[in-house]
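Listed below are the residues making up each chain.
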Amino acid sequence: MERFPKVPKGTSQPSSDGYDVQISYRTLSVRIDDQEPTSKPTSKPSKDSTEGLVNIDVHLISSEEVFTRYSSHPSVGLEFEAVTRRAKGGKNVFSPPRTQYWKKIINYIFGGFNFLMWIAFILSLLSYEPLGAPSPAVFNLGVAVLLILVIIVSATFYAFVDWNASRIMKSIKSLVAQEAVVIRDSKQQVIPASDVVVGDVVQLSTGDRVPADLRLVQVTPDLRFDRSLFTGESDMVPGAVDATSDNVLETRNLALTSTFVVQGTCTGVVFATGDRTVMGRIVSMSGDTKFKMTTIQREVWFFTKIISGLALSLFGISILLWGVWLRTSFPGYETSSGAIINSIGCLTSFVPQGLPVCVALSLTVVARRMAKRHVLVKNLATIETLGCMSVLCSDKTGTLTAGEMSIEDVAFFDGSLRVGDISKVVSSASQPGRFSALKALHMVARLCNGAKFNAASENLPIEEPTVKGDPTDSAVLRFSQSLSIPSLDVDTTALLSSWKKTFEIPFNSRNKWMLTVVNHCQESGEKGSEPWLLVKGAPDVLFPSCESIMNTDGTIVPFGNDARRGISALQNEWSDQGQRVLALCRKQLDGIKTNVSPNDMEEMMYAEVQGLTLVGIIGIRDPPRADVPSAIVTIRRAGVRVFMVTGDFKLTAVAIAHHLDTISNIRVSDYSKEFSVVPLSAVKPSEDDPIRSLVLTGDDVASLSPEDWNIIVGRYTEIVFARTTPDQKLRIVEEIKARGDNTVAVTGDGVNDAPALKASDIGVAMGSGSDVAKEAASLILLNNDFSSIPVAIEMGRLVFDNLKKVILYLTPAGSYAEFMAVLGTVFFGMQIPMSSYLQVCFCITNDVVMSISLMYEKPEADLMLRKPRNARTDRLSDWRFFVQVYFVRGFLPCMWFLYMHQHGLSFYDVILVYNKWTDGWKGHSTSDLTQLVNVGQCIYYVTIVFMQCGSLLSVRNRRVSILNSNPLWGPRRNLVVPLGMIGTALIAVVNLYGPGLNSVFGTAPIPRMFWGLPFCFALGVLIMDEIRKAIVRNYPKSIIAAMAW
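Residues numbered from 1 in each chain as written. Predicted model: local features only at pLDDT ≥ 70, side-chain atom pairs only at ≥ 80, totals over all residues. Heavy atoms only, no water.

Per an unreviewed UniProt entry, the recorded name for the protein is Cation-transporting P-type ATPase N-terminal domain-containing protein, and the organism is Serpula lacrymans var. lacrymans. The UniProt entry for the protein carries the following text under Subcellular location (unreviewed entry): "Cell membrane". (UniProt positions renumbered as here; feature names shortened; annotations may be inferred.)

Here you go:
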C-alpha cells in the first residue's frame, strides 16, 4: 500500500499513523483558510468550461503539495472551523439543468391529440369567416370557442400532471441518501455527500460512489474505477498516486465525481465540488439531453398515429365527397361552411382525448402507491416494464438472505467449536493451551479484514456499533472483536497495537480471497524482521494452495489427502446447512522485502499465495429473509421463473434455494437438441412442461455452447447458478434475454451485481446495497423488502391493463357511434344526428370524466395468474381488441329514428333525403324540421352518454362478472366509477338545459321517455358482455374465449 511521505518532525504535536504536524504547517492552514475564496465551489461555471478543465493541475503536484494547497492533513483532515467556512461556498450538488419552458409549453399545447383539435379549431374559424359569409353561423364560432377551450384545458392538465410527476419523482429520489466517509478533527465520520467541502480527506472502498473530485494520495494496488460515465467503455480504470497523463480525464491519480470504486480502497483530497467538478463542467458544455420515448409512450404514440391518420383520412374523404359529388348532385344540401363543420366530427370523434390524460395519471398514481411501500422508481416507464417480467435472476446474499451474517462455527483439523460455546469450553478446560489455535485464528480474522467500525459508534457494545464494509467481513470483524480469552492472550486491543498492516489486496469476486501483509511492532517502535502473509477466502480456491494445517492446540501437521477429505467433508456438511464457509490461512514471509513499489509487491504476493498453513475454517450463517418464500410463490404463480445467481459455494446455494423454495427438486437431465432448429424467440418452456431444476457452477457457464443455452433456457424452470463471477452473471442475463422474448429482471446489492443490473431489462437494487448497484438499477427497494417485487409486478400489469380498458371504453362511442353520424350525413343524405358541438363535447368532457375512473381500478383477481405480457409482440390494441369494439359492443343507436317516427317521419322519410329537407317536407315547416333535428341530436347524444355507462361497467373486468366485482362494495370497490357516471349525466343535463347553450348550439330538452330508454341500451351492452364472460369462464378453449381481449 502506498503511504503518505512522513512530514518532517519539528516542534509539533505527535499524530497518528506516523504523522507530525508542524507549527508552520498549522499556521499556513489558518492563513489560507482565512483568505476569501476566488470562486465558490458550487458556483455557476465560467463561460469557457473547456478552459477550466485545461487549467486543472492538481494531478501534477505531489501529495504534500496537495495537503498544503487545500490546507488539510492526512490524519487530521479538516477542522470544524475550516469546514464551517468552506461550507458557505454552497452544497456539493449539481445545479439543475436549465428548463426550456418554451419547448414544454409547445409540447403541452400541440402534443398528444391536441394538434387535431387545432386543425378542427382553424377549420371552424374558416367556416365562420370567410366561408360562412354573408350570414356566418354563430354555431360555427361557438364550436371554435369550445375547441380552443378544450386545447387550453388539455394543455393546463398536461402541465399539471407533468409538474406533479416531477414533484413525486423528486421526493422519491430524495429518499436515497448519498453518503461519504471523511476524516475531520482526526476522526472518521460518515456525512451526507452534499456536505463535502474542498480539502476534505475522503476514504473510498469497493462499491462507493465518488462524492466529489478527489486527488488520490493513498491507494491499494488493486484499485479500480468504473469511468464508463466519462469514457463510455466498461473496462475498469486503475487508480494511482502519481500522474499518468497531463489530461485530467486520462490521468489515473484523480477520482472523478459520479464514478464508482469497483475494486480496492483509496483515500483522496477533495479539490472540486458541485458545478466546479469535471463532471459539472462537462454537463455545462453538453447542453440539453435528447428526449427518448419510453415503452409505454411508444405504445401510445403508435396508437395515436393510427387514430390520427384514420381521422384525417376520413375527414379528407368527407370533404372530397362533398366537393365532387354532393355539391353538384344535390345543390343546396350543404354549404362549404356546413360541410366543414359537419366533417369536423371525423377529427373529433376518433380522438380518445382521455387517453393521454389517463396515461399520465395512471403512472403517477401507481408511482405514489409504490412510494408508500418504499419502492423507488427512477423512471415512470419502468413501472409498465415490470408487468412484462418473465424471468427474475436474483442474487442470494443480501437479497434472498437478510445480509445479517454471524459466525456460527469454527473448526481446526482435529476439532470444531460452536462460537457461542468457545468461552465456556476454554475457561473450563484444565489446560487452555489445548485451544492455542484460537489465537492464530483471531489474528487472521481481525487483521485480514476489510470492514471497519464507525468511529462515532466505536464505544457501544459489540452488537451495536455501525460497521462499514462487506457483510461477510463485517461478521468476521464482530466475531474477532468479541473474542477475548486472557488465558490465551487473545485480546483485540493488544493485537492491533502489536501488528501493523503494510500491504493489502482486498477481496474481489475473481480471486475470491483477501490478502494482508502485517509486520510486528516492538515497543521501541522498530518493526519485526519477519512479516506474516494472512489470507481469508473461499475454501475451494485456497485449499490447493495449502500444504499444512493447524490442530486445535496450535501444532502444524501436513495437509495430506486424508486431511483434505476430512476438511472438505466438514465444509460440505456446513454448506448443506446453508452456511457460507471461509478458510483462514497464513504464512511467514522469510526474507521477503516489503519496502518495494506497490506493483512489485502485488506481483510478489500473488506468487506467495502457495505453501500456506490452513489455520481453520469458519461457518457463517446468513438467515433467509422471512418474506422471500411467500413472495417467490406469488412471483411463480404469475408465470415468472426465478433463478438464483450467486457467487457462493454450490452446496450453500442449493441449501438456501431449498429453504426458500426457489428449487423444489434437483434433476440434471441430459441435454438434447430439441431447440436447435427453432427461432430464439420460441425457446421457452410450454405451459404443460413439468418442473425441471438445474444447478450450474461458473465453470459450467463458461463452457456452455449456444445449443446448451437453448436447452437451459427452454427446458428448465428452476435454476441455481453458483460460484459465478460478474462477467458470468452478465452472460447469464444476456443469454436469457436473447431467447424466448424474455423480459429479464435482476436483483442484487453488491458491486459484482452491477454489470448484470445494468444489462437487464429491469434492475432491482436493495436500499442497503452498494452505490454502484443502486446507480445501475432502475428500481430500488429502500426497505430491502423482497415482497415488494410481486407488488411491483402487479402494479406494472395493472397500468397496462387499465390503459387497455381505457382504449376499449373510448373507441366505440367515438369511432362507431359518432362517426356513424357523419357517415349518415355524407353517404345517406340524412340530417346529421349528432351536431359537431355535441360530438366535441362528448369526446372531451363526458368520455374523459368516465375514463379517468378506470385508472383507479384495483387489480383483477386473475391479474397475477396470467402469463407475462410479451413486450415485443403484445400491443395495447390487437385484432381481439377490434372484435370487442365492433362486434360485441358497437352498434348504431336507433333512438333518432324512433323520435322522428313519433313525429310522422318514417325511416325512409329521414334517409336519402339530401336537399329535400326544406320547408314543406312531409308537411313540416322549416322551424319544425330544425326543432326536430335539434331534439333528435340531443336524444342521440343522451343515448351514447348512458350507453357508455354500460360500456364502463363491462370493461372493468375481462372475465369476472359484475355480480362479483361491483364498484360500490367488495374487493373491487371503486367509488370513482359512480362519481364519473353522475358527472357525465350532469354534463348532459347542462348541455340540454343550459339557456346559453340552447341559443348558440341549438341544444334542446328531450322528452322524459328518452331519458329512461337509453338505460336499456346500457343494460344490453352489459348483458352481452356478461354472456361473453360466462362463455370464456366456462369454455376457455372455445372460439369466443380465443377472441376475448
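### Thoughts on the overall build of the protein
Assigned secondary structure in the protein consists of 38 helices and 30 strands. Here the protein holds 1045 residues, and the buried ones make up 56% of them. Across the protein, every contact between residues at least 6 apart in sequence was considered, and the portion connecting residues at least 24 apart equals 75%. (Helix = DSSP H or I, 4+ residues; strand = E, 2+ residues; numbered from the N terminus. Buried < 20%, exposed > 50% of the residue type's maximum accessible area, 1.4 Å probe, protein only. Contact = heavy atoms within 4.5 Å.)

### Describing the pattern of salt bridges
A side chain of one charge can pair with a side chain of the opposite charge if their charged atoms are brought near each other. Applying the stated criterion across every chain yields a total of 32 salt bridges. The salt bridge partner of Asp409 is Arg418, with a shortest N-O separation of 3.1 Å. Among the residues examined, Arg418 registers a relative accessible area of 41% and is labelled partly exposed. Across the pair Asp562 and Arg565 runs a salt bridge, and its minimum N-O distance is 2.3 Å. In this pair, Asp562 and Arg565 are both assigned in helix α20 (residues 561-576), three residues apart and thus about one turn of the helix distant. The class for Asp562 is exposed, based on a relative accessible area of 58%. The exposure class of Arg565 is exposed, given its relative accessible area of 53%. Connected through shared salt-bridge partners, Asp801, Lys805, Glu860, Asp862, Arg866 and Arg958 make up one network. (Salt bridge = Lys/Arg side-chain N within 4 Å of Asp/Glu carboxyl O.)

### Observations concerning the nonpolar core
Counting 144 residues, the largest nonpolar core has Met370, Met389, Phe786, Ile789, Tyr941 and Ile1006 as the members making the most contacts within it. By residue number, the principal contributor to this core is helix α33 (residues 926-955), which donates 17 residues. Two domains share this core, each providing at least three of its residues, namely domain 2 (352-367 + 802-857 + 877-1044) and domain 3 (375-401 + 625-784). Counting residues in hydrophobic clusters, the runner-up holds 37 residues, among them Val410, Ala445, Cys448 and Trp532. (Core = buried A, V, L, I, M, F, W, Y, C linked by side-chain atoms within 4.5 Å. Domains from an automatic or database assignment.)

### Considering the sheet that holds strand β7 (residues 224-226)
Neighbouring strands of a sheet are bound in pairs by backbone hydrogen bonds; such pairs are parallel or else antiparallel. Strand order in the open sheet formed by three strands is β8-β7-β10, and the pairing between neighbours is antiparallel. Across the chains shown, the open sheet's two edge strands, defined by having one partner strand only, are β8 (237-238) and β10 (260-263). (Pairing = 2+ DSSP bridges.)

### Considering the environment of Lys684
With respect to the helices and strands, the residue Lys684 is situated in the loop between α23 (650-660) and β26 (693-697). Among the residues examined, Lys684 registers a relative accessible area of 38% and is labelled partly exposed. Considering only alpha carbons, one finds Lys684 and Asp741, 57 residues apart in sequence, at a separation of 8.6 Å.

### What to know about the packing of α33 against helix α37 (residues 1014-1034)
Between α33 and α37, whose axes approach to 7 Å, the crossing angle comes to 25°. The angle between α33 and α37 places the two elements in the roughly parallel class. Classified by chirality, the crossing of α37 by α33 is right-handed. Where α33 abuts α37, its residues Val942, Thr943, Phe946, Met947, Gly950, Ser951, Leu953 and Ser954 lie against Pro1014, Phe1015, Phe1017, Ala1018, Val1021, Leu1022, Asp1025 and Lys1029. Counted by class, the contact of α33 with α37 contains ten nonpolar, four polar and two charged residues. (Axes fitted to C-alpha atoms, helices over the stretch in contact; angles between N-to-C directions. Parallel < 35°, antiparallel > 145°, perpendicular 65-115°, else oblique. Left-handed = near helix turned anticlockwise from the far one by under 90°. Nonpolar A, V, L, I, M, F, W, Y, C, P; charged D, E, K, R; others polar.)

### Some words on the UniProt feature "transmembrane region" (unreviewed entry) in the protein
UniProt feature "transmembrane region" (unreviewed entry): in the numbering of this structure it lies at residues 105-126, 138-161, 300-325, 806-830, 877-899, 939-955, 975-994 and 1006-1024. Along residues 939-955 one finds 100% helix and 0% strand; the C-alpha atoms at either end are 24 Å apart. Annotation note: span residues 1006-1024, helix share 79%, strand share 0%, distance between end C-alpha atoms 28 Å.

### Here we look at the sheet that holds strand β12 (residues 375-377)
Strand order in the open sheet made by the eight strands is β12-β30-β29-β28-β13-β25-β27-β26, with mixed pairing throughout. With partners counted over all chains shown, the strands left at the sheet margins are β12 and β26, one partner each. Adjacent strand axes in the sheet meet at a mean angle of 20° when their direction is disregarded. Pairing of strand β29 (residues 762-766) with strand β30 (residues 779-781), which is carried by three bridges, proceeds in the parallel orientation. Note on β30: the bridge partner recorded for Ala765 is Ile780. Strands in contact with helix α26 (residues 726-737) are β13 (391-394), β25 (641-645), β27 (718-722) and β28 (744-748); relative to β28, the strand with the most contacts, it is inclined by about 160°.

### Here we look at unusual backbone geometry
In this chain, Glu129 is followed by Pro130 through a cis amide linkage whose omega measures 10°. You can see Pro130 is positioned in the loop between α6 (114-128) and α7 (138-173). In the Ramachandran plot, Asp185 falls in the positive-phi region, its phi being about 55° despite a non-glycine side chain. Take Asp185: it is sitting in the loop between β3 (179-184) and β4 (187-192). For Asp489, which is not glycine, the phi torsion reads 60° and is therefore positive. For Asp489, the location among the structural elements is in the loop between α17 (471-482) and α18 (492-498). Accessibility expressed as a relative area gives 56% for Asp489, which makes it exposed.

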